[in-house]
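Survey of secondary and tertiary structure
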Amino acid sequence: MSDLRLRASVACLALLVTVGCTNEQSASAPQSPSPSASLSTSTSTPSPASGPSSSPTAASPASPTASLGRTPATGPPGDNRGGFEAGAAMTDVRLLAGEIGPRLATGPAFRRAGRSVGSRLRGLGYRVSFQSFPVPAGDSWGVPVGAGRSFNVVAVPPGFDPAQPHRLVGAHLDTVAVAPGAEDNASGVAVLLGLARLASRQDTALPTVLVAFGAEEPRGPADDQHHYGSRHYVATMPAPATRSLRAMASLDRVGVGGVVPVCTGPLDDGSVQQAVLRVARRIDVPAQPCENTASDHWSFEKAGFPVVRFGSTSYAAYHSAGDVPAVVSPAQLARTGRLVWAWLRG
Ligand SMILES: [Zn+2]
């Protein structure tokens, strides 16, 4: 890292601690192709409010067209660096934020999105389960919302043994009440799905569990009023998994900016963060360290697991109706996807 880059990183780090780094602009990126798949137009009855965990079969899509966008056999030219397909990820951002829209953790749009993600992961060969948990009433970024249930979509690779060393990569699927949530956090889910596809074809250094978390977004200002899904996951981990989880990575707001924020909270020793930054230098992806507690990594960090959070660059449409797919840069999805994939492979 050059002196100049180091100074910029330090300045940015100071900003990120409090308000996020605002000096990054989205790199221009080629237009990715129009979505090649459509969501189901089925009018079948949605699954019950208790969430799909009460009836796993109810989580299956009503028709084969209900899953998220199919992966094209090949991406556009230049779109497959490191194996990560930014065009396919952008298609998923459009489907989640453009077609489905705001995904309040306890609402029907979230359930629809969760079923689609689960179906997609199952189609890639993962063993998928749904963890249901309660979410209290509260304030969703200015909108009063009632109590309800949400769920995590948990995908483990075939033959997964929780007693053996493994990693977990997660991305929250919910949004605040008014936001379509393209950047926050269809971007993270889209990268998660891209990684799932890669990991279904190629080995990772350690087995990788993938989780689309429910109810990350706050329902009030306190530390026990957000991250409901990841806190539920940590609280219910079986003992063998608590001994063998080597790292948890949260993908949260990973499609804005030109540099990949690589964050931890204040309790972490930074070992995973430093390993990721070394990978970034090796594969020449611009990245910088940062500190925050505003995503699902914090639930794992508080429980003593090594963590890293990818993303958090500030942007004007945060938690607003303006968080639409046009906010997200395919080039930044590609930077993040390449970096996470290289770390998982190494
Ligand atoms: Zn988020």
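Scroll up a little and you will see the structure.
Every chain's residues receive numbers from 1 upward, in the order its sequence appears when written. In keeping with the model being predicted, local features are shown solely for residues with a pLDDT of at least 70 and side-chain atom pairs are shown and tallied solely at 80 or more, while totals for entire chains, interfaces and linings include all residues. Neither water nor hydrogens contribute to the side-chain values; these are computed over all heavy atoms in the structure.

Structural notes on the packing of helix α4 (residues 182-201) against helix α9 (residues 330-345)
Put simply, the rule is: Axis angles are defined between N-to-C directions and span 0 to 180 degrees, where every axis is a line fitted to C-alpha atoms and, for a helix, only to the segment in contact. Secondary structure is summarised from DSSP: a helix means a run of H or I of at least four residues, a strand means a run of E of at least two, and numbering begins at the N terminus for each. Our angle categories are set so that under 35 degrees counts as roughly parallel, over 145 as roughly antiparallel, 65 to 115 as roughly perpendicular, and the remainder as oblique. With the far helix as reference, a near helix turned anticlockwise by less than a right angle produces a left-handed crossing, and one turned clockwise produces a right-handed crossing. Two residues qualify as a contact provided that any one of their heavy atoms is within 4.5 Å of a heavy atom in the partner residue. All residues other than Ala, Val, Leu, Ile, Met, Phe, Trp, Tyr, Cys, Pro, Asp, Glu, Lys and Arg, Gly among them, are scored as polar; the first ten of these are nonpolar and the last four charged.
Remark: α4 packs on α9, axes separated minimally by 10 Å, with the N-to-C direction vectors making an angle of 45°. Relative to α9, the element α4 lies oblique. For the pair α4 and α9, the sense of crossing is right-handed. Where α4 approaches α9, its residues Ser-187, Val-191, Leu-195, Leu-198 and Ala-199 are matched on the opposing element by Leu-333, Gly-337, Val-340, Trp-341 and Leu-344. For the contact of α4 with α9, the residue count by class is 8 nonpolar, 2 polar and no charged.

With respect to the state of the cysteines
Here is the rule we go by: Note that a disulfide, as used here, is simply two cysteine sulfur atoms within 2.5 Å.
Overall, the coordinates contain 1 disulfide when judged by the stated rule. Disulfide partner of Cys-263: Cys-290, at an S-S distance of 2.0 Å. Here the S-S torsion is close to -80°, and the disulfide linking Cys-263 with Cys-290 is therefore left-handed. Placement of the pair is Cys-263 in strand β8 (residues 260-264) and Cys-290 in strand β9 (residues 287-291), with a sequence separation of 27 residues.

Focus on the coordination of the zinc ion
Threshold: As a rule, N, O and S atoms within 2.8 Å of a metal are its donors, except that Na, K and Ca use 3.2 Å; water is not among the atoms, so sites may look incomplete. Here the term buried applies to any residue with accessible area under 20% of the maximum for its type, exposed to any over 50%, and partly exposed to those in between, with areas from a 1.4 Å probe on protein chains only.
Each protein donor to the zinc ion is listed here as His-172 (NE2), Asp-184 (OD) and Asp-252 (OD); together their distances run 2.0 to 2.3 Å. Donor residues binding the zinc ion come from one chain and are separated in sequence as H-x11-D-x67-D. One end of the pair, Asp-184, is in helix α4; the other, Asp-252, is in the loop between β7 (245-251) and β8, and 68 residues separate them in sequence. Asp-252 carries the same exposure label as Asp-184, and that label is buried.

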